[in-house]
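This is what each chain is made of:
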Amino acid sequence: MNIDLKILNTNEKLSKYFVEEYSINEKPISISFRKLIPKLNNKNKYTHLIHSYPAKLIPHIPNFFLNNNYFSKKEDLVLDPFCGTGTVLLEAMISGRNAIGADANPLAQLITKVKTTYLTIEILELYFKLIISSYKKLRKPEIPDVINKDFWFPLVNQKKLGLIKRAINKTTNGEIQDFFLICFSNCVKKVSYADPIVAVPVKLNPKRYPEGSSKNIKAIRRINNIKTIDVFALFKSICINNMHRINTLQNLNNNIKIISKDARKLTKSLITNELIKDESVDLIITSPPYAGAQKYIRSSSLNLGWLGLAKSNELKLLDKKNIGRENYTKGELKKIKTGIYNADKLLEKIYSINKLRAYIVGNYLIEIMSALDESIRVLKKNSYLILIIGNNKVSNFEFNTQQYLTEYLVSKKLSLKFKLIDDIKSYGLMTKRNKTADIISREWIIVFKKHM
Ligand SMILES: C[S@@+](CC[C@H](N)C(=O)[O-])C[C@H]1O[C@@H](n2cnc3c(N)ncnc32)[C@H](O)[C@@H]1O
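Residues numbered from 1 in each chain as written. Predicted model: local features only at pLDDT ≥ 70, side-chain atom pairs only at ≥ 80, totals over all residues.

Some words on the confidence of the model for the protein chain
- Looking at the protein chain as a whole, the pLDDT averages 91, with 94% of positions reaching at least 70.
- Counted against residues more than four places away or in other chains, residues 426-439, with its pLDDT under 50, gives 26 contacts. (pLDDT = per-residue confidence, 0-100. Contact = placed C-beta atoms within 7 Å.)

Things to note about the sheet that holds strand S1 (residues 29-30)
- Ordered by their spatial adjacency, eight strands build an open sheet running S1-S9-S10-S6-S5-S2-S3-S4, and the pairing between neighbours is mixed. Bordering the open sheet on either side are S1 and strand S4 (256-260), each of which pairs with just one other strand. (Pairing = 2+ DSSP bridges. Helix = DSSP H or I, 4+ residues; strand = E, 2+ residues; numbered from the N terminus.)

Describing the site of the ligand
- Near the ligand, the surroundings consist of 23 residues, among which Phe-82, Gly-84, Thr-85, Thr-87 and Ala-104 are the closest.
- Looking at the shell around the ligand residue by residue, the classes come out as 12 nonpolar, six polar and five charged. (Near = placed C-beta within 6 Å. Nonpolar A, V, L, I, M, F, W, Y, C, P; charged D, E, K, R; others polar.)

Some thoughts on the environment of Asn-392
- On the secondary structure map, Asn-392 appears in strand S7 (residues 392-394).
- Distance from Asn-392 to Glu-175, taken between C-alpha atoms, is 39 Å for residues 217 residues apart in sequence.

Overview of the pairing of strand S3 (residues 98-102)
- With four of its five residues buried, S3 lies for the most part within the structure.
- Relative to S3, strand S2 (residues 77-80) is paired through four bridges, and the arrangement is parallel. Paired with Asp-80 across the strands is Gly-101, a residue of S3.
- On the question of chirality, the crossover connecting S2 to the parallel S3 by way of helix H4 (residues 87-94) is right-handed.
- In this structure, S3 lies alongside S4, joined through four bridges in parallel fashion. Across the sheet, Ala-102 pairs through a bridge with Ser-260, a residue of S4. (Buried ≥ 20, exposed ≤ 12 C-beta atoms within 10 Å, placed from the backbone. Right-handed = clockwise from strand over helix to strand, strands pointing away.)

So this is what it looks like as structure tokens:
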């Protein structure tokens, strides 16, 4: 980054610089948000680490745009239509804004809710003790319908998880229950045979790694230890860490709400079909799913099952509502036209090589465009929409998602203010396919303004 930060010492000044620089050069500006806001590099701030999730946004990016009167002011309403685990919503809360979010994954909805709900430490400690004493007395576990549970969990761990779940449900309800269920959910994968370094459940297999390498040794050790893990001790330690995290929310504005399960239909709440009003939102910051790169429902399938949020036969239906999904039947694979000139040219080429890939990314664009329409509808005039998105490779072509979405939004009369590029440090949760798709290596942060 070639910017003298000493002169541009406020986020507002830096934002003005980005706008001016981009209006002259029309070139994306490279920036490292981790260097810009190093105090956030220790991510254990507030409740950001309350639960793991694929492709979480780094808090630095919303932090920069929210602690910044250039884009919004205190008490304004911020929307993240693809809120995942609520990184944007939490940062909005910290910066004194109100916020609403949508997500198609019930696990993400629950994490966001818990992450942004303050509960006193005294109450949490009280219920924590009740859960511990209930667990000790219980004999009969509550084991829900979890996909392939005998494949993923040793019986002894299933029993312990089932006893914890029962103890939580027996002793708590409402927001307190949600908090302990999120702690419980964060245990689930850790006591399974799933490889902890892969987002989607893949059974631990030491042979995936070179013999004698540290990953190989760790995998062997994990398989040997999994049956003897003290599941309840793990649950307790997660609870203790999370109770401290929740305590940091004290004194923060608490007007944060999940309003919808579909970015294409922003309803007033999860239980109504009534849409939120046109032009009612002051700022949108969002990192939408990437085209065919993450499998949110599959990655969450064990948690969704244990939490009782989705039975094994309901997972497919949930996946169908996910933008960026990869599972289509042969009958669905028709040629897609998006109306975005460059995207359509590339889709033709991909179609001739791989019909499924062409359909995945073509349909992705159609669905994202529909979500962007809904975002434009609810955004107030003279307000900003900030997209954080990456490109990926499809059948060895670069699929320039950021450019296609820019073309689309400009065609909808939004003005492009500036583009930033930041390198992604960890792509832990992207799917790497050597032949037909590729990992995403950098993020584009694109700022638009709605005028009319
Ligand atoms: C890149 S992630 C967002 C991560 C989030 N910024 C965070 O920090 O946790 C994209 C999210 O879009 C969600 N999603 C996919 N299809 C959706 C839809 N139709 N409506 C709303 N959310 C959707 C996925 O479930 C996923 O949580």
